[in-house]
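As a plain string of letters, each chain reads:
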Amino acid sequence: TNGANLWTPAFKDTKYHSAPHDHSVDLTKIAELMLESGHEFVERPFKFTDEKPAIGEDATKIAVLFNEVGSHYSDAYYEYDAETNKYMRTTATGTYVDYHEKDVQLGFENLIIQRTKLKFYNGAADRPTLPEAVGSGNADIFMGGKYIEGYWVRTGLQERTVFFDSEGNEIELQRGKTWI
């Protein structure tokens with residue numbers, strides 16, 4: 001089997017979003033296909049904690065703005081809900097909800113802004129690429145209603161990105177959803 005055909009069963013086009021957001025991937029199927037092809041996983045999971053962060057400045061409202069793109073389509077706003085320990089997301093078009101559960105606003109226990117260069121494929125604003133996916137850079141980490149100044153490191157394409165606080169300690173994320 002060539003590489004392109006190996007992954008085909010895990011990908012599908014969706015009918016409920018327009019391009020380029022009309023693709024879906026089944027990560028469980030990807031893992032199965034990788035195991036079937038002989039790939040061995042080296043586990044390097046994120047660290048998690050049930051404790052809220054003891055360090056950091058209070059951060060209850062966050063705006064993530066992409067002004068250099070020339071459009072506010074990707075801008076996002078997060079407001080911390082202490083009761084659920086989540087950052088609730090809204091966008092320029094309104095409350096951010098799951099397509100299949102439009103009455104439930106999506107929230108995230110962790111919000112990480114990974115600072116890196118962003119380029120656009122053939123200059124198209126809707127086709128961003130990350131040319132520096134391996135390396136290191138600054139990161140802004142929000143969790144438990146706190147802002148933690150930090151940085152990220154990724155040593156290779158086969159490795160996951162690791163996030164650290166400004167003292168060099170690996171970040172222990174809140175259990176739940178993370179938006180990077």
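Coordinates for the structure precede this section.
Reference entry: report on the structure contained in this document. Computed from a predicted structure; not experimentally measured.

What about the overall build of the protein chain?
Reasoning step 1: A tally of regular secondary structure across the protein chain gives 2 helices and 19 strands.
Reasoning step 2: Contacts in the protein chain between residues at least 24 apart in sequence constitute 43% of all its contacts with a sequence separation of at least 6.
Reasoning step 3: On the protein chain, roughly 12,300 Å² of surface is accessible, and the fraction owed to carbon and sulfur atoms is 50%.

Description of the nonpolar core
Reasoning step 1: In terms of nonpolar packing, the biggest core is built from 12 residues, these being Ala 59, Ile 62, Val 64, Ala 76, Tyr 78, Tyr 80, Tyr 87, Leu 106, Phe 108, Leu 111, Ile 113 and Phe 142.
Reasoning step 2: Mapped onto this core, the elements with two or more residues apiece are β5 (61–64), β6 (76–81) and β12 (110–114).
Reasoning step 3: Considering each element in turn, this core owes the most residues, 3 residues, to β6.
Reasoning step 4: One finds Ile 112, Met 143, Ile 148 and Trp 152 within the second-largest nonpolar core, a separate group that totals 9 residues.

Quick look at the pattern of salt bridges
Reasoning step 1: Inspection of every chain in the model, using the stated rule, returns 6 salt bridges.
Reasoning step 2: The partner of Asp 140 in a salt bridge is Arg 115, with the nearest N and O atoms 2.6 Å apart. With Asp 140 in strand β15 (residues 135–143) and Arg 115 in the loop between β12 and β13 (119–120), this residue pair connects regions lying 25 residues apart in the sequence.
Reasoning step 3: The class for Arg 115 is partly exposed, based on a relative accessible area of 47%.

Digging into the pairing of β6
Reasoning step 1: Every second residue of β6 is oriented toward a common face, the buried set being Ala 76, Tyr 78 and Tyr 80 and the non-buried set Tyr 77, Glu 79 and Asp 81.
Reasoning step 2: Note that β5 and β6 share 4 bridges and pair antiparallel. Note that in β6 the partner of Lys 61 across the bridge is Glu 79.
Reasoning step 3: Pairing of β6 with strand β7 (residues 86–91) involves 6 bridges; the strand directions are antiparallel.

Some points on the side chain of Thr 161
Reasoning step 1: As for its placement among the helices and strands, Thr 161 is situated in the loop between β16 (146–154) and β17 (162–165).
Reasoning step 2: Relative accessible area serves as the criterion here: at 14%, Thr 161 is assigned to the buried category.

A closer look at the packing of aromatic side chains
Reasoning step 1: Scanning all chains against the criterion turns up 6 aromatic pairs.
Reasoning step 2: Cluster of aromatic residues (ring-pair linked, three or more members): Tyr 80, Tyr 87, Phe 142 and Tyr 147.
Reasoning step 3: Across the ring face of Tyr 96, the terminal group of Arg 89 is positioned such that the distance to the ring centre comes to 4.3 Å.
Reasoning step 4: Residue placement shows Arg 160 over the ring face of Phe 46; its charged tip is 4.0 Å from the ring centre.

Description of the environment of Glu 149
Reasoning step 1: Considering the arrangement of structural elements, one finds Glu 149 in strand β16.
Reasoning step 2: For Glu 149, a relative accessible area of 51% gives the class exposed.
Reasoning step 3: Separated by 11 residues in sequence, Glu 149 and Asn 138 place their C-alpha atoms 8.1 Å apart.
Reasoning step 4: Apart from the residues within four sequence positions on either side, Glu 149 is in contact with Ala 139, Phe 164, Asp 165 and Ser 166.

What counts as what
- Residues numbered from 1 in each chain as written.
- Predicted model: local features only at pLDDT ≥ 70, side-chain atom pairs only at ≥ 80, totals over all residues.
- Heavy atoms only, no water.
- Helix = DSSP H or I, 4+ residues; strand = E, 2+ residues; numbered from the N terminus.
- Contact = heavy atoms within 4.5 Å.
- Areas by Shrake-Rupley, 256 points an atom, 1.4 Å probe, with all protein chains shown as cover.
- Core = buried A, V, L, I, M, F, W, Y, C linked by side-chain atoms within 4.5 Å.
- Buried < 20%, exposed > 50% of the residue type's maximum accessible area, 1.4 Å probe, protein only.
- Salt bridge = Lys/Arg side-chain N within 4 Å of Asp/Glu carboxyl O.
- Pairing = 2+ DSSP bridges.
- Phe/Tyr/Trp six-rings, centres within 6.5 Å; stacked < 30°, edge-to-face > 60°.
- Lys NZ or Arg CZ within 6 Å of the ring centre and 35° of its normal.

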